[in-house]
Structure formats: structure tokens, C-alpha cells
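# Residue-level structure breakdown
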Amino acid sequence: DTAVSQTPKYLVTQMGNDKSIKCEQNLGHDTMYWYKQDSKKFLKIMFSYNNKELIINETVPNRFSPKSPDKAHLNLHINSLELGDSAVYFCASSQTHGVRTFGSGTRLTVV
Amino acid sequence: GENVEQHPSTLSVQEGDSAVIKCTYSDSASNYFPWYKQELGKRPQLIIDIRSNVGEKKDQRIAVTLNKTAKHFSLHITETQPEDSAVYFCAPLNSGYALNFGKGTSLLVTP
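So, here's what we can say about the structure. (Residues numbered from 1 in each chain as written. Chains lettered and ligands numbered in written order. Predicted model: local features only at pLDDT ≥ 70, side-chain atom pairs only at ≥ 80, totals over all residues. Heavy atoms only, no water.)

## Observations concerning unusual backbone geometry
Inclusion rule: Working definition: helices are DSSP H or I runs of at least four residues, strands are E runs of at least two. Numbering for both runs from the N terminus.
Of note, the bond from A:Thr7 into A:Pro8 is cis; its omega dihedral lies within 30 degrees of zero at 0°. For A:Pro8, the position within the fold is in the loop between strand S1 (4-7) and strand S2 (10-13). Of the consecutive residues B:His7 and B:Pro8, the connecting peptide bond is found in the cis state with omega at -5°. The residue B:Pro8 is located in the loop between strand S1 (4-7) and strand S2 (10-14) in this model. A positive phi angle, close to 60°, is found at B:Gln60, a residue other than glycine. Within the element layout of this structure, B:Gln60 appears in the loop between strand S6 (56-59) and strand S7 (62-67).

## Side note on the state of the cysteines
Selection criterion: Disulfides are defined in this document as cysteine sulfur pairs within 2.5 Å. Any residue under 20% of the maximum accessible area for its type is buried, any over 50% is exposed, and the rest in between are partly exposed; the area is computed with a 1.4 Å probe on protein chains only.
Scanning the entire structure with this criterion turns up two disulfides over all chains. With a sulfur-sulfur separation of 1.8 Å, A:Cys23 is cross-linked through a disulfide to A:Cys91. Every disulfide takes its handedness from the sign of the S-S torsion; for A:Cys23 and A:Cys91 that torsion is -75°, giving left-handed. Placement of A:Cys23 in strand S3 (residues 19-25) and of A:Cys91 in strand S9 (residues 87-94) is noted, with a sequence separation of 68 residues between them. Owing to a relative accessible area of 1%, A:Cys23 belongs among the buried residues under this scheme. A relative accessible area of 0% means that A:Cys91 is categorised as buried. Disulfide pairing places B:Cys23 opposite B:Cys90 at an S-S distance of 2.0 Å. What sets the handedness of the B:Cys23 and B:Cys90 disulfide is the S-S torsion sign, and at about 65° it is right-handed. Here B:Cys23 is found in strand S3 (residues 19-25), whereas its partner B:Cys90 is found in strand S9 (residues 86-90), with 67 residues between them in sequence.

Next comes the structure, spelled out in C-alpha cells:
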């Protein structure tokens, strides 16, 4: 069983579209995260939820909206996609602020 | 927030040689010091970590050393093998939730 699973693995879409990426963890962790990894491999935290509550919201355009329906899920919705949004998005989870377990990533390409 | 500097940004060694990557951080409250390895096209995965009450930790060919006074910790890989080729990230953490990754070190081990 995959510990942190995110879908889709690849996403190619046109500028201006709205898309969602889903993430689920079966580790029983209480904290989930979204990270963005650009072409230079920099890993930047975007959001963090602890027990369904938003605790970290870095400087991210408000076109990005996370939603955590329960502790095991953290989805990312992106409105009005732009070329600069192209990147690999990683979901991760941890127990409180411990070791992060990452999903396999979603490669988003905006054309 | 925590400032994290990782050096070098790229490192090329011959198989069998040792590799050392250094991570410098700014927050003296940091108390957890992990290293993650990301192979090409894959997710970041924890390879070794250390807590602030320990100066060194070893796991087979990899080790992490911590100098809390100087606020840096290092990853040591001995007898490098081609499969060690990857990007390595440090991610010092204090009691908060923000995990700021270093910018990564791309290690290439040539046969």
C-alpha cells in the first residue's frame, strides 16, 4: 500500500484552465503539506495543514487553494493556470513536525 | 524564518571516493537535522537524521555530523557508488512546522 499517494501523476493543461491535484495518506499522520519543486530543483513549501487546520501559508498566489476534508486528505486546486505554474508538486505528510514522507509527485505542465 | 545554505551546489566524485555536503542554518532553536535524497524523477526520501543532543550518527556508508555552536551539519558518504548519484537536501527544523529545504546538492559519482 502506498503511504502517500497523489493523483494525477502527470497533468498537461492550457493556460487559464482550473485543475486539482489530490493527495491521500494512510500513515495516520496529523500534518500534511504541499511543496512546489521548480526546474532548478528548489523545494518550496506552499501550505501545511495540521488536523485539518491551515498552519502554514507561504507567499503563494491566491489562485492556489488547498482543501483538507479530513486528516488523511489534502487537495490542491489551482485556478487560472499560468505558464509559471509549471513544476512538480509534491504532497507530504508527517506526525506533528517530524520526518516528512513524500508522495511521488505531480508533474504539471501549462501550455 | 530559517535561512538554510547548502554547499556545494554540485559535486562530482569518482567511485570509491568520499563526498561531504555541508548545511548551514540560522535558527539557533533548530533541533532536528535531516538529510533527504532525491533520485532523478523520484520523490525526496529521508536517508539519515540527527537530533540536537547528538553530535554524530552513522548508518553504514553515510553519516551526519552536527556542530550546534557553529550552526552547521554535514552529510558524509564514504566509498561512493554510482547509485549515490542524486540531489541531496538538508532541512533543519525547529519546533515549528515549517521545513525549509536547502537548495540541494547535485552529486554525481562517476565509475
